[in-house]
Amino acid sequence: MVHYGKAAAMGIAALLLVSCAASQPTQIASAGYPEREGAGLAHPEQWPAFAYPVATPAAAQARIAGLLARMTLAEKIGQLVQADICCVTPEEVRTYNLGSVLNGGNSGPYGNDLAPAPDRLRLADEFWAASTDTSDGGVGIPLIWGTDAVHGHSNIVGATIFPHNIGLGAARDVALIERIGAATAREIRVTGQEWTFAPTVAVPQDFRWGRAYEGYSSDPAIVASYVGAMVRGLQGGPDNHNLLAGPYVIASTKHFLADGGTDNGTDQGDSSISEEELRDIHGTPYGPAIAEGVSAVMASFSSWQGVKMTGNHSLLSGVLKDRMDFGGFVVSDWNAHGQVAGCTNESCPQALIAGIDMYMAPDTWRPIYNDLLARAQAGEIPLSRIDDAVTRILRVKERLGLLDAPRPSERLLSGDFELLGAPEHRDLAREAVRRSLVLLRNDGVLPLAPGGRLLVAGDGADDIAKQSGGWTLSWQGTGVTNVDFPGATSIWSGLRAAVEAGGGSAELSPDGSFTSRPDAAVVVFGEEPYAEFQGDRATLALDHALTGPFATMRALREQGIPVVAVMLTGRPLYVSEALNNADAFVVAWLPGSEGQGVADVLVGDAGGAARFDFTGTLPAAWPLTPDMADGTLYPLGHGLTYASPRSEWSELPVVAAAAEAGDSRVWFAEGVPAAAWSLHIADPSQPGSQTRVTTVPAEAMQGRARISAVNHVVQEGARRFEITGGEAAVSVSNIEPVDITRETNADIMLLFTVKVDAAPAEIGVAMLGADGARAVNPVALPANARFVRYGLPLKCLREKGIDMASVTAPFILTSEGAGDLALAEVRLGMDAEVVLPCA
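Residues numbered from 1 in each chain as written. Predicted model: local features only at pLDDT ≥ 70, side-chain atom pairs only at ≥ 80, totals over all residues. Heavy atoms only, no water.

Student: Account for the overall build of the protein, naming residues and giving values.
Tutor: For the protein, the count of helices and strands is 23 helices and 34 strands. Relative to its length of 839 residues, the protein is compact, with a C-alpha radius of gyration of 27 Å against a globular reference of 28 Å. Along the three orthogonal principal directions, the C-alpha set of the protein runs to about 80 × 75 × 50 Å. The 839 residues of the protein split such that 63% are buried. For the protein, restricting intrachain contacts to residue pairs at least 6 apart in sequence, the fraction spanning at least 24 positions comes to 79%. Carbon together with sulfur atoms contributes 51% to the accessible area of the protein, which is approximately 26900 Å² in total. Charge-centre separation for the protein: the mean point of 59 positive side chains lies 1 Å from the mean point of 96 negative side chains. (Helix = DSSP H or I, 4+ residues; strand = E, 2+ residues; numbered from the N terminus. Rg over C-alpha atoms; globule rule 2.2 N^0.38 Å. Buried < 20%, exposed > 50% of the residue type's maximum accessible area, 1.4 Å probe, protein only. Contact = heavy atoms within 4.5 Å. Areas by Shrake-Rupley, 256 points an atom, 1.4 Å probe, with all protein chains shown as cover. Lys, Arg positive; Asp, Glu negative; His and termini not counted. Charge placed at Lys NZ, Arg CZ, Asp CG, Glu CD.)

Have a look at this one:
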């Protein structure tokens, strides 16, 4: 799920705003079945059939039917809408009878993402009271609050942070997974929430994907073996009713379907695989999920054969609901309905027709509500589909026990804040860390002697945020420090405690310098935190900026100091240089809050024996080079133990990984944005009109813009924007600001290559700073039969007020009036064909 929180949900300034404005109703194209044309059409009879095991007692069925009969159409529509707490108040929940709220990765109670746990429980009470208010004559259905507790209750300061799924996949321990699910559910209940958007059951096939660490493994059998256990841990068994009477929450598997199978690992992209691959790889985990009675399924942002999952009736209704007999409800992802063909963020009846039961419309909930209600009143949406969706939601709420439960603060475990990060939960997380570690090399340096002098180096040694990864306190896992993790232990702290307990000493030195010569060194390095498309990569090489510890390792070994490399990563990456420069190499994945689990395995006992052995094995193949097509260095399932026979190390070939990764100053090329970048189109005068362009053809700005692919250098190497009128802005942006002060000082230009078939009346080149400052330089781009590479000096935009040290959207092409142009490339450089004047 994409979670921008209030700051970004309310926009990246006026240009990149996400809407709260209503759209005009439009005809439902193809009755909501775009796959009827042939592309993306699934054949349910070719899929396995299941029987949903959750039985709704006759009395409960009668109760639900009675509620449905009493509800007004407006109340029914309210149940279908989920708003983010960043953008809705309890009073609005009362007025619109909303069925659900969520907290996005950057949304916290009362505008504070790091709010203390009691604030979350207090807000839960306020939302509950608003939703159950019947003073207006309504039925007062309690809302349900969903949260991304994807590796523990990971939005909460002080909660236990378990290893991310890829590490749990390395552990190969089904019983462990169920215990983690149960512990997570208990911590969620403390703060009053009832629903987690977990487990992720993606089966990543290309680890360039920025969400790969959310999948347990590239092997669907491993993923499928875990799913039922996690659902059982969260919800209890399929015969469990009145979950709130016990320590449970409802679970939702995600993302249906093939989010881990997109071409080139592009987040929210398209998967062009066959239906057999779709079924046998990505569909496999849904069998055990349904067998355990999972309550909700979240539809994927992504497409299959060009059809967005959120609008694919053949998969959502034909396969999931009918063939697989899923009896819970289907929720969309964060404004994913806006990417469905013919839809916008404010209007998408197609999603409901296709099988979505609840719209995750975090900041667009009001226009979605108004649009659905208007269309339902006009007879454009069958009442039977509305009633079915509401019934599914009520059925889950009834099973949960929500219809009769008291306010959140009066329920079991609510307010037991000592359960957040409870010792037994931290012990469980520590065990999970131990079991997830994968040993790739050991020349005899491990286990470390506890009584010696240990140097701990590397930028990841004392960084709990880095060892926890994305989806930790914030969406990206950034902007937090060790202070924000009370009770947690960094890898450095764990190693120090283990060594000192054995009578030794430890020194922390990120750059590897030391005051007393150590007997051995541990160097901790790896990826910085990221989430979703911000983690998409061009190759499987570790960012060059993060390879500094390689030199530290090499320098220490040249001094005769044995080196143990510990890698923090959300995926297998090409790091052969590090493997060559270490005497032992351990993959720790993203271990979470209990870094001492690493020390448990690395540091031996006083007699020199291991306290714990390595048991983890690779959940996916390890690449030989930055390109997986070049082959595998270590296969899935590989992993050494202390008993593994030692063999002489053979130096691995080293390739120029930095060059392989491409030029970081190229932000858009060959029709697609670079990894971690996004292409958008929006109407600056209409909040909420922003559309992220991922697949084409597409429409935006309520049909005023059509985006398609055209050729330039390579097939479909540019994106064409046909705009019928009004204001428009095409932007290339990154949610993490970039620093281009060096390039600005060097007289570098912002380059963009366009072909203008019809020039708008007005056009400008703009830039947006992270501080909200926006500079626009009017330009003239005459119609031209060929692509032209224009350049605007960066200094021009700096002089107009942009802080070049922190730029969020370095390229924005604004226009007013009808126009037709194609964009092929955006980058920095000096080779402009036409240099534009600074107006």
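Student: Let's hear about the state of the cysteines: which residues, and what values?
Tutor: Counting across every chain of the model gives three disulfides. The residue that forms a disulfide with C86 is C87, at a sulfur-sulfur distance of 2.4 Å. Handedness here is read from the sign of the S-S torsion; for C86 and C87, about -75 degrees, the answer is left-handed. C87 shares its class with C86; the two are buried. Through a disulfide, C343 is tied to C348; the S-S separation comes to 2.2 Å. Here C343 and C348 share a disulfide; its torsion about the S-S bond, 60 degrees, makes the bridge right-handed. By relative accessible area, which is 3% here, C343 ends up buried. Looking at C348, the relative accessible area reads 1%, which means it is buried. (Disulfide = S-S within 2.5 Å.)

Student: Residue-level account of the packing of helix α2 (residues 58-70) against helix α14 (residues 383-400), with values.
Tutor: Running from N to C, α2 and α14 point in directions that differ by 130 degrees, and their axes come no closer than 10 Å. Compared by their axis directions, α2 and α14 come out oblique. The handedness of the crossing between α2 and α14 comes out as right-handed. Note on element contacts: α14 touches α2 through D387, V390, T391, L394, R395 and E398, opposite A60, I64, L67 and L68. Looking at the contact of α2 with α14 residue by residue, the classes come out as six nonpolar, one polar and three charged. (Axes fitted to C-alpha atoms, helices over the stretch in contact; angles between N-to-C directions. Parallel < 35°, antiparallel > 145°, perpendicular 65-115°, else oblique. Left-handed = near helix turned anticlockwise from the far one by under 90°. Nonpolar A, V, L, I, M, F, W, Y, C, P; charged D, E, K, R; others polar.)

Student: I'd like to hear about the nonpolar core, residue by residue, with values.
Tutor: Generally speaking, nonpolar side chains in soluble globular proteins are found buried as a group. In this structure, F127, W195, F256, L278 and L315 are the most contacted members of the largest nonpolar core, which totals 114 residues. Apart from the residues lying within four places of it in its own chain, the contact partners of F127 are I85, V88, T89, P90, V93, V101, L143 and W145. Formed by 46 residues, the second largest nonpolar core is a distinct cluster that contains L573, A582, F585 and W622. (Core = buried A, V, L, I, M, F, W, Y, C linked by side-chain atoms within 4.5 Å.)

Student: Help me get a handle on the sheet that holds strand β9 (residues 307-308), residues and values and all.
Tutor: Strand order in the open sheet formed by three strands is β6-β8-β9, and the pairing between neighbours is mixed. Two strands lie at the open edges of the sheet, namely β6 (270-271) and β9, each paired on one side alone. Sheet topology places strand β8 (residues 303-304) next to β9; two bridges connect them, and they run antiparallel. Bridge pairing in β9 places S303 opposite K308. (Pairing = 2+ DSSP bridges.)

Student: Which residues make up the sheet that holds strand β12 (residues 438-442), and what values go with them?
Tutor: Read across the open sheet, the six strands follow the order β12-β17-β16-β15-β13-β14; overall the sheet is mixed. Edge positions in the sheet fall to β12 and β14 (505-508), since each has one partner strand and no second. Strand-to-strand, the axes of this sheet are offset by a mean angle of 20 degrees, without reference to chain direction. Bridge analysis of strand β15 (residues 520-526) against strand β16 (residues 563-568) gives six bridges, and the strand direction is parallel. Its bridge partner being in β16, F525 is matched across the sheet by M567. Strand contacts of helix α17 (residues 491-501): β13 (453-457), β14, β15 and β16, with the helix running at about 160 degrees to β14, the strand carrying the most contacts.

Student: Please set out unusual backbone geometry residue by residue, giving values where relevant.
Tutor: One can expect most non-glycine residues to show negative phi and most peptide bonds to be in trans. Of note, the bond from A198 into P199 is cis; its omega dihedral lies within 30 degrees of zero at 5 degrees. Structurally, P199 is set in the loop between β4 (195-196) and α8 (220-235). Following V696, the chain continues to P697 via a peptide bond in cis, the omega torsion being 0 degrees. The residue P697 is located in the loop between β23 (691-692) and β24 (698-700) in this model.

Student: Break down the pairing of strand β26 (residues 714-723) for me, with residues and values.
Tutor: As paired elements, strand β25 (residues 705-712) and β26 share seven bridges and run antiparallel to each other. What sits directly across from V710, in β26, is A718. Two successive antiparallel strands, β25 and β26, enclose a turn made up of one residue, where V713 displays a positive phi of approximately 70 degrees. Where β26 and strand β33 (residues 819-829) come together, five bridges link them in antiparallel fashion.

Student: Please give an account of helix α11 (residues 313-323) that cites residues and values.
Tutor: Within α11, eight of the 11 residues are buried, which leaves the element mostly enclosed by the surrounding structure. Of the residues making up α11, those classed as buried are S314, L315, L316, S317, G318, V319, L320 and K321. Two residues or fewer past α11, D325 is found with a positive phi of approximately 65 degrees.

Student: Tell me about the packing of aromatic side chains, residues and numbers included.
Tutor: Throughout the structure, instances matching the rule amount to 17 aromatic pairs. Centre to centre, the rings of Y96 and W365 are 5.1 Å apart; their planes meet at 80 degrees, and the pair counts as edge-to-face. Taken as a pair, Y96 in helix α4 (residues 90-96) and W365 in helix α13 (residues 365-377) lie far apart in primary sequence, 269 residues in all. Here the two residues Y96 and W365 agree in accessibility, since each one is buried. Consider the rings of F752 and Y790, whose centres lie 5.7 Å apart with planes at 25 degrees: the pair is stacked. Remark: Y790 occurs in strand β31 (residues 788-793) and F752 occurs in strand β28 (residues 749-758); sequence separation between them is 38 residues. Neither F752 nor Y790 differs from the other in exposure class; each is buried. Members of the aromatic cluster, connected to one another through ring pairs, are Y96, W365 and Y369. Above the ring of W471, the side-chain terminus of K254 is found at 6.0 Å from the ring centroid. Above the ring of F533, the side-chain terminus of R692 is found at 4.0 Å from the ring centroid. (Phe/Tyr/Trp six-rings, centres within 6.5 Å; stacked < 30°, edge-to-face > 60°. Lys NZ or Arg CZ within 6 Å of the ring centre and 35° of its normal.)

Student: Give a description of the pattern of salt bridges that names residues and reports values.
Tutor: Within the structure shown, the criterion is met by 41 salt bridges. Where R179 meets E431, a salt bridge forms, and the shortest distance between an N and an O atom there is 2.9 Å. With R179 in helix α7 (residues 174-190) and E431 in helix α15 (residues 423-436), this residue pair connects regions lying 252 residues apart in the sequence. Residue E431 is classed as buried on the basis of its relative accessible area, which comes to 18%. (Salt bridge = Lys/Arg side-chain N within 4 Å of Asp/Glu carboxyl O.)

Student: Any details on the confidence of the model for the protein? Residues and values, ideally.
Tutor: Looking at the protein as a whole, the pLDDT averages 92, with 94% of positions reaching at least 70. Every residue in residues 2-32 scores below 50 in pLDDT, and together they form 112 contacts with partners more than four places removed in sequence or on other chains. Ignoring residues within four places in sequence, the model shows residues 659-663, a span with pLDDT below 50, making four contacts including any to other chains. (pLDDT = per-residue confidence, 0-100.)

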